[in-house]
Amino acid sequence: MSDVVNIVAISRVTLSGSHDSLPQLLGLSRHRLRVKRPYIPKLKTKRSMNQFSGYFMRLENGTVTVFESGKVVSNGLKHWSDMVTVNDQFASYLMVHLPQDVDFDLELPKIVNATGCRNLEKRIDLRKFSNSDPQASYEPEIFPNLQYTFIDGERVRGIVSKNGKIIVTGVKDSNKMNLFLDKLQEKIESM
């Protein structure tokens, strides 16, 4: 029902048997690394030394950013199942490229944010909606869309555009994503 646009998940790699950082052990550098392995297509890494302390690895279903601390951030995931797939692809890469005397433990990823959208395919009067609900904020001079804040145990923000598109961000699972999209759609249709 909802089209998940982007999921961000975090995990951590713990190394034993080495004092080097994960990027050093993997030989990651500023240069692009191309590895031809059937289970890890289109693998590329790059790092901007002046701007960012992470190393990017592009995998089939998303991007993994590896930090020297061992933190691993998966980004650009389009489906909830991609989170596990990208984690497995990264674990396979570690098995092949880490020295044999180094053991690693890769935590299961934890979703920190997901963004979903839905198209109602109808025009919405944003001023009328903002006047009818205290949780809605519409200031077209500052931002062209209506902002809607859910306070339901966690801070979830919805953005509604005139053309009927709804974007929800701040959720951590598909059930809550659909719940918040349904709530927002119901409020719009009831006005």
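Trainee: Please explain unusual backbone geometry as it appears in this structure.
Mentor: Trans peptide bonds make up the majority, and among non-glycine residues the majority have a negative phi. Positive phi, normally seen in glycine, also occurs at E121, with a value near 55°. Positionally, E121 belongs in the loop between strand 9 (110-119) and helix 3 (126-132).

Trainee: Please explain helix 2 (residues 82-97) as it appears in this structure.
Mentor: Working note: α-helix, 3.6 residues per turn, so residues spaced by three or four point in the same direction. When the terminal C-alpha atoms of helix 2 are compared, their 22 Å separation across 16 residues agrees well with the 22 Å that a helix rising 1.5 Å per residue should span. Of the residues making up helix 2, those classed as buried are D82, M83, V86, N87, Q89, F90, A91, Y93 and L94.

Trainee: I would appreciate a short explanation of the nonpolar core in the present structure.
Mentor: Generally speaking, soluble globular proteins have nonpolar side chains that are buried together. L22, V64, F90, L146, V160, L184 and I188 are the most contacted members of the largest nonpolar core, which has 42 residues in total. When residues in this core are grouped by element, the largest group, six residues, is from helix 2.

Trainee: Looking at this structure, I do not really get the packing of aromatic side chains. What am I missing?
Mentor: What characterises a pair of aromatic rings is the spacing of the ring centres plus the angle enclosed by the ring planes. Under the defined criterion, the tally for this structure stands at three aromatic pairs. Here F129 and Y148 contribute two aromatic rings whose centre-to-centre distance is 5.9 Å and whose plane-to-plane angle is 0°, an arrangement assigned as stacked. Taken together, the positions of F129 in helix 3 and Y148 in strand 11 (residues 146-151) put the pair 19 residues apart, joining distant regions of the chain. Across the pair, exposure class does not vary: F129 and Y148 are buried alike. Ring centres of F150 and F180 lie 4.7 Å apart, and the angle between their planes is 50°; this geometry places the pair in the tilted category. In this pair, F150 is assigned in strand 11 and F180 in helix 4 (residues 174-190), connecting sequence segments 30 residues apart. Of the two residues, F150 and F180, neither departs from the other in class, the shared state being buried.

Trainee: What is the right way to read the environment of I167 from this model?
Mentor: Here I167 shows up in strand 13 (residues 165-171). Along the primary structure I167 and Q147 are separated by 20 residues, whereas in three dimensions their C-alpha atoms are 9.7 Å apart. Sequence-distant contacts of I167, defined by excluding residues within four places in its chain, comprise T115, G116, C117, R157, G158 and I159.

Trainee: Explain the environment of T149 to me, please; I cannot follow it from the model alone.
Mentor: Relative to the helices and strands, T149 is located in strand 11. Along the sequence, T149 and S137 sit twelve residues apart, while their C-alpha atoms lie 8.4 Å from each other. Ignoring anything within four residues of it in the chain, the contact list for T149 reads Q135, R155, V156 and R157. Separated by 3.3 Å, the side chains of T149 and R157 make a polar contact.

What counts as what
- Residues numbered from 1 in each chain as written.
- Predicted model: local features only at pLDDT ≥ 70, side-chain atom pairs only at ≥ 80, totals over all residues.
- Heavy atoms only, no water.
- Helix = DSSP H or I, 4+ residues; strand = E, 2+ residues; numbered from the N terminus.
- Expected span 1.5 Å × (residues − 1).
- Buried < 20%, exposed > 50% of the residue type's maximum accessible area, 1.4 Å probe, protein only.
- Core = buried A, V, L, I, M, F, W, Y, C linked by side-chain atoms within 4.5 Å.
- Phe/Tyr/Trp six-rings, centres within 6.5 Å; stacked < 30°, edge-to-face > 60°.
- Contact = heavy atoms within 4.5 Å.
- Polar contact = N/O pair within 3.5 Å; in protein donor to acceptor, adjacent residues only side chain to side chain.

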